[in-house]
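So the chains spell out like this:
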Amino acid sequence: MTAPDCSDGGDELFRDARALQIWGFPLVFAQRLRLRFTSPLEPDVDRPLTSAGAALNTMGHQRRLSDPTLTAGVAPNVDTLYSLAFVDLDVGSFTLRMPDLGDRYYCIQLGEADSTTIAVQGLRTHGSRLPTLHIVRSGSEVVMADDELLVACRTRHVMVAVRILVRPDDAEDLRRVIAVQDAIVLDGPRAPGAACDAATRTLVLRERDDELRDPEAFLDSLDHAVAGVAAADVPPAVRESMARLRRALHAGEQFTRARSQFAAGLSDGLDAIADRVRSLGRTTNGWSVNELGTDFGDDHLLRAAVALSQIYVNPADEALYPVCEVDDGGRPLSGAHSYDITFAAGEAPPARFFWSLTVYHKRGLLCENSIGRYAITDRTPGVTVAHDGSLTVRLASTPPAEGTSNWLPTPSGDFRLMLRLYGPSDRAWSPPVVRRTPARSSRTVGDR
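Residues numbered from 1 in each chain as written. Predicted model: local features only at pLDDT ≥ 70, side-chain atom pairs only at ≥ 80, totals over all residues. Heavy atoms only, no water.

*Asks:* Residue-level account of the environment of Leu419, with values.
*Replies:* Locating Leu419 in the fold gives a position in strand β19 (residues 415-424). The residues contacting Leu419, other than those within four sequence positions of it, are Trp287, Leu320, Tyr321, Pro322, Phe343, Pro349, Trp355, Ser356, Leu357, Trp429 and Pro431. (Helix = DSSP H or I, 4+ residues; strand = E, 2+ residues; numbered from the N terminus. Contact = heavy atoms within 4.5 Å.)

Put into C-alpha cells, the structure is as follows:
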C-alpha cells in the first residue's frame, strides 16, 4: 500500500500514522499481553492450565504445556512450563528467589513495556541456582547483599517470565517441574483490587483489531502504553506525531478525510511490519534468522516485526528463533500441500540446552490436530531416524501414509514454522530448506 495522493496535509497524516504504528506497535501489543494475562477487571478469575496468568504483582504458573487453548500472546513454546508475573514498579520493588534446579534448563527473563528484554539469568549465567534477584525501577534504592543481583528497569510495568524445561509425554517429569514452580517466591507489594474506572475498562475491553486500525482507539491505547515508559525513551518526533494526529481528528469539516488518511497509514504500517517478519535478519534457505535477538537499537521496524511474530524473545546469547514462511520455491507455506524438512546426520540444530521445531497459524497460535502434537524436538519420543543418521520431519495437514512418527501436523491454511535453539552453539548454522513434496495418499490415524 502506498500513501494516497491528496492535499490538505493528507500525505503528512499518512506518514505520521504509518511511522507511529511501527514505533508504537510493540508497546501496544506488550500492554495487551499484560492485560490479557493479569485480567484487571477480574484478577482472580479461573484460568486454563495452559495459562500462567495471574493478578498484577503475582506469580502465576502454567501447569500444562501450551496447546491451542492458550490464545494470549503469540508463538508460545511447547518445551517449557512458564511461571509469569507482570509487576508494577511504581508501587514498589520486587524480589525473586529461585530453588536449586540441578542440571535442568531454566531461565528468568525480564521484559520491559516496550517489548525489549533487559536481562535473562539462569542456567547459562549462574548454573543450578540463581542468586536472589531484586527488580526495581531505575533510580530506586535497595538494600541487598553482595552476592545478590539487581536489575533496574526503565518502564513502569515489567514482565518476569520463568521458563523451565519439561520432557514431553512424561507425567512424572511434569510433576517434578510443578514442584519446582511451587518453590519460586516473588516478594513485593500487592496490587490493588479490580480496576473499575471507565478508562481502564474501555482499554481492557477494546478489541485487538480496533487498537491497531481504528484511529481513536489506536491513539488511546498508545497513550496508555506511553504513560508507563520513561520520558527519555519517547522520541520528541513521536510526541509531535501523536499531537498532529490528535488535532487532525478534531478538524471539523476535514474530519472524514483526515480519519481516512490516518487509518490508511495505520494499515500500511501493519503491512510493513508483516513484511519485515520475512527478513528479521540473515535470510537463508527460506528462513529468517534474527541474530541480533533483542538488540534492536534504533531499528523500530525490526522491533515491531519481532513483537508481531515472537514477542518477548530471549537475547541471542540465550536462544535463536529462525522463522520460515516459504518453501523451496519461495511459495507461502500452506496446509494444502505437504513438505519435508531433513536434518542431515550431524546437522541437527546446534543447541547446548534443547531445540524444537513448532508449527503456528499465520496469526501465531498453535493449531489443533488429531494427535495433539505441536512440535518435534530433541525430546520427542518415537521419532524415526534414517539409516544414514538423518532426521526427516513431514509437515502435512493430514496423516502421512507412511506413519505418524515423524509427522508434524499443520493447519489447513497458511502457516509458519519456528525453530528454537536454546544455548545456540553455532550462530552461522543455517536451517535446511522446507521442500514441497508431491501429493501422496494419506491414512487414518491409528492405521498401521
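*Asks:* Residues and numbers for the side chain of Thr410, please.
*Replies:* By secondary structure assignment, the location of Thr410 is in the loop between β18 (407-409) and β19. On the basis of relative accessible area, Thr410 is assigned to the buried category, the value being 6%. In this structure the side chain of Thr410 is engaged in a polar contact, spanning 3.2 Å, whose partner is the backbone nitrogen of Ser397. Excluding residues that lie within four positions of it along the chain, Thr410 makes contacts with Gly335, Val359, Cys367, Leu395, Ala396, Ser397 and Phe415. (Buried < 20%, exposed > 50% of the residue type's maximum accessible area, 1.4 Å probe, protein only. Polar contact = N/O pair within 3.5 Å; in protein donor to acceptor, adjacent residues only side chain to side chain.)

*Asks:* Requested: an account of the nonpolar core, with residues and values cited.
*Replies:* Counting 76 residues, the largest nonpolar core has Leu96, Met98, Ile108, Leu133 and Val160 as the members making the most contacts within it. Per-element tally for this core: the top contributor is strand β8 (residues 157-165), with seven residues. (Core = buried A, V, L, I, M, F, W, Y, C linked by side-chain atoms within 4.5 Å.)

*Asks:* Give me the lowdown on the packing of aromatic side chains, citing residues and values where you can.
*Replies:* Considering all chains together, one arrives at ten aromatic pairs under this definition. When the centroid spacing of 5.0 Å and the interplanar angle of 40° are considered together, the rings of Tyr105 and Phe353 count as tilted. A residue pair is termed long-range when its members are at least 10 positions apart, and Tyr105 in the loop between β3 (94-97) and β4 (106-112) and Phe353 in strand β15 (residues 351-361) qualify at 248 residues. Accessibility expressed as a relative area gives 2% for Tyr105, which makes it buried. Residue classification places Phe353 among the partly exposed residues on the basis of a relative accessible area of 23%. Here a set of aromatic residues connected by ring pairs shows up, and it is made of Tyr105, Tyr321, Phe353, Phe354 and Tyr422. A cation over a ring is seen here: Arg352 above Phe353, with NZ or CZ 5.4 Å from the ring centre. (Phe/Tyr/Trp six-rings, centres within 6.5 Å; stacked < 30°, edge-to-face > 60°. Lys NZ or Arg CZ within 6 Å of the ring centre and 35° of its normal.)

*Asks:* Quick rundown of the pattern of salt bridges? Include the residues and the values.
*Replies:* Pairing between side chains of opposite charge can happen when their charged atoms approach one another. Summed over all chains, the structure comprises 38 salt bridges. A salt bridge links Arg244 to Asp16, with the shortest nitrogen-to-oxygen separation between them at 2.7 Å. Here Arg244, found in helix α7 (residues 236-248), pairs with Asp16, found in helix α1 (residues 10-38); they are 228 residues apart in sequence, far enough to count as distant. Connected through salt bridges with shared partners, the residues Arg104, Glu172, Asp173, Arg175 and Arg176 form a single ionic network. (Salt bridge = Lys/Arg side-chain N within 4 Å of Asp/Glu carboxyl O.)

*Asks:* Got a sec to walk through α7? Specific residues and values, please.
*Replies:* Here α7 is 13 residues long and its end C-alpha atoms lie 18 Å apart, about the 18 Å a rise of 1.5 Å per residue gives. Burial in α7 covers these residues: Val238, Ser241, Met242, Leu245 and Ala248. An end-on view of α7 places all buried positions within 125° of arc, on one side of the element. Across α7 from its buried face, at more than 90 degrees, point the exposed residues Pro236 and Arg247. (Expected span 1.5 Å × (residues − 1). Arc of directions from axis to C-beta.)

*Asks:* Tell me about the sheet that holds strand β7 (residues 149-153), and please be specific about residues and values.
*Replies:* Sheets are built from strands paired through backbone hydrogen bonds, the pairs being either parallel or antiparallel. The sheet built from four strands is open, its strands ordered β7-β6-β3-β9 with mixed pairing. Looking at which strands have only one partner, the edges of the open sheet turn out to be β7 and β9 (185-187). Within this sheet the neighbouring strands show an average axis-to-axis angle of 20°, counted without direction. As defined by bridge partners, β3 adjoins strand β6 (residues 133-137) across three bridges and the pair is classed as antiparallel. (Pairing = 2+ DSSP bridges. Axes fitted to C-alpha atoms, helices over the stretch in contact; angles between N-to-C directions.)

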